[in-house]
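Chain residues, written in single-letter form:
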Amino acid sequence: MFRSRAKEEKAPADKAVVTDSKQTRDPQAPKGRPTPKRSEAQSQRRSVASTPTSRKEASKRQRDERRAQLERQRQALATGDERYLPARDKGPVRKYARDFIDSRFNVAEFFLPMAVVILVLSLVRVASLQTIALLLWLVVIVLIVLDSIANGFRLRKRLAERFPDQNRRGAVAYALMRSLQMRRLRLPKPQVKRGERP
């Protein structure tokens, strides 16, 4: 009845089995996993060391990676390097569509210079010149539409011949949008000369 509680608490601790955790392993015994190669171990150590410790570091690293990726993409647009082009411009179908447009004269690429000329003519307060400017607008628009339709049909046919098993969806619209830009402003930069077969 008046027993000491300290003895009761000690009793289970005395009965506990003591295990020696500092047992030495036999050097000849297998350790249960293969030894990693030195290069693997080093890369693992580097990845652990380079893991960001805070949210601020992680966002800074992400920003730097994004900047580097955009720089590679910008250089690829200038040089035509397929590896780093944006997804919109990648692939042999898109490359062929670009080369098809770049290898010929397109009416649409002269739209901006012609628009400036027509605008100047329409600003002059001479009725005959304003009439000519209006007719030129109509002629230019009709020529652009006809040229785009002809280029679209030709390109669709060539793509079907060259790439029968690949996804050609959107390639014609991509090429026609490219034809609306002046040659020197196109990105990726043209890789073929005018008159050269793609």
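Being a predicted model, the structure only gives us computed values, none of them experimental.

Peer 1: Tell me what's going on with the packing of helix α6 (residues 127-162) against helix α7 (residues 171-179), and back it up with residues and numbers.
Peer 2: For the pair α6 and α7, the least separation of the axes is 10 Å and the interaxial angle reads 140 degrees. Taken together, the axis directions place α6 and α7 in an arrangement best described as oblique. Crossing of α6 against α7: the hand is right-handed. Note on element contacts: α7 touches α6 through A171, V172, A175 and L176, opposite S148, N151, G152, L155, R156 and L159. Considering only residue class, the contact of α6 with α7 consists of 6 nonpolar, 3 polar and 1 charged.

Peer 1: Describe the side chain of D147, and please don't skip the residues or the numbers.
Peer 2: Within the secondary structure layout, D147 lies in helix α6. Here D147 occupies a buried position and makes no salt bridge, while the nearest side chain of opposite charge, R154, is found at 5.6 Å.

Peer 1: Could you give an account of the confidence of the model for the chain, naming the residues involved and the relevant values?
Peer 2: A residue-level look at the chain finds 82% of positions with pLDDT of 70 or above and a mean pLDDT of 83. Counted against residues more than four places away or in other chains, residues 11-21, with its pLDDT under 50, gives 0 contacts.

Peer 1: A description of a nonpolar patch on the surface should follow, citing residues and the corresponding values.
Peer 2: Together, V116, V120, V124 and V126 make up a nonpolar patch on the protein surface, roughly 290 Å² of accessible area in all. Examined against the element boundaries, V120 turns out to sit in helix α5 (residues 111-123).

Peer 1: Residue-level account of the packing of aromatic side chains, with values.
Peer 2: As enumerated under the stated definition, the model contains 3 aromatic pairs in all. Relative to F163, the ring of Y96 lies with its centre 6.0 Å away and its plane at 70 degrees, an arrangement referred to as edge-to-face. With Y96 in helix α4 (residues 92-102) and F163 in the loop between α6 and α7, the pair connects residues that are 67 residues apart, well separated along the chain. In this structure Y96 comes out as buried when scored by relative accessible area, which is 7%. By relative accessible area, which is 12% here, F163 ends up buried. Ring centres of F111 and W137 lie 6.1 Å apart, and the angle between their planes is 50 degrees; on these two criteria the pair is classed as tilted. Note that F111 is positioned in helix α5 and W137 in helix α6, a separation of 26 residues in sequence. Under the relative-accessibility criterion, W137 is labelled partly exposed at 29%.

Peer 1: I'd like a description of α7, backed by residues and values.
Peer 2: What α7 keeps buried is the set A171, V172, Y174, A175, R178 and S179. The arc enclosing the buried residues of α7, seen along the axis, measures out at 160 degrees, which places them on a common side. The elements touched by buried residues of α7 are α4 and α6.

Peer 1: So what's going on with unusual backbone geometry? Residues and values would help.
Peer 2: Going from L187 to P188, the amide bond is cis rather than trans, its omega being -10 degrees. You can see P188 is positioned in the segment after α7.

Peer 1: How would you sum up the environment of A171? Please name residues and give values.
Peer 2: Mapping A171 onto the fold places it in helix α7. According to the relative accessible area criterion, A171 is buried, its value standing at 0%. In sequence terms A171 and R88 are 83 residues apart; their C-alpha atoms lie 9.7 Å from each other. When neighbours within four sequence positions are excluded, A171 is seen to be in contact with V93, R94, A97, L155 and L159.

Peer 1: I'd like to hear about α5, residue by residue, with values.
Peer 2: Within an α-helix, residues lying three or four positions from one another point in the same direction, as the helix has 3.6 residues per turn. Helix length check: α5 (13 residues) gives 18 Å between terminal C-alpha atoms against 18 Å at 1.5 Å per residue, within 8%. All of the buried residues in α5 are A115, I118 and L121. In a view along the axis of α5, the buried residues occupy a sector of 125 degrees, so they form one face of it. Turned more than 90 degrees away from the buried face of α5 sit L112, V116 and L123, all of them exposed. Buried-residue contacts for α5 involve α6.

The rules behind each value
- Residues numbered from 1 in each chain as written.
- Predicted model: local features only at pLDDT ≥ 70, side-chain atom pairs only at ≥ 80, totals over all residues.
- Heavy atoms only, no water.
- Axes fitted to C-alpha atoms, helices over the stretch in contact; angles between N-to-C directions.
- Helix = DSSP H or I, 4+ residues; strand = E, 2+ residues; numbered from the N terminus.
- Parallel < 35°, antiparallel > 145°, perpendicular 65-115°, else oblique.
- Left-handed = near helix turned anticlockwise from the far one by under 90°.
- Contact = heavy atoms within 4.5 Å.
- Nonpolar A, V, L, I, M, F, W, Y, C, P; charged D, E, K, R; others polar.
- Buried < 20%, exposed > 50% of the residue type's maximum accessible area, 1.4 Å probe, protein only.
- Lys, Arg positive; Asp, Glu negative; His and termini not counted.
- Salt bridge = Lys/Arg side-chain N within 4 Å of Asp/Glu carboxyl O.
- pLDDT = per-residue confidence, 0-100.
- Patch = residues over 30% accessible without salt bridge, like charges linked within 9 Å, V, L, I, M, F, W, Y side chains within 5 Å.
- Areas by Shrake-Rupley, 256 points an atom, 1.4 Å probe, with all protein chains shown as cover.
- Phe/Tyr/Trp six-rings, centres within 6.5 Å; stacked < 30°, edge-to-face > 60°.
- Arc of directions from axis to C-beta.
- Expected span 1.5 Å × (residues − 1).

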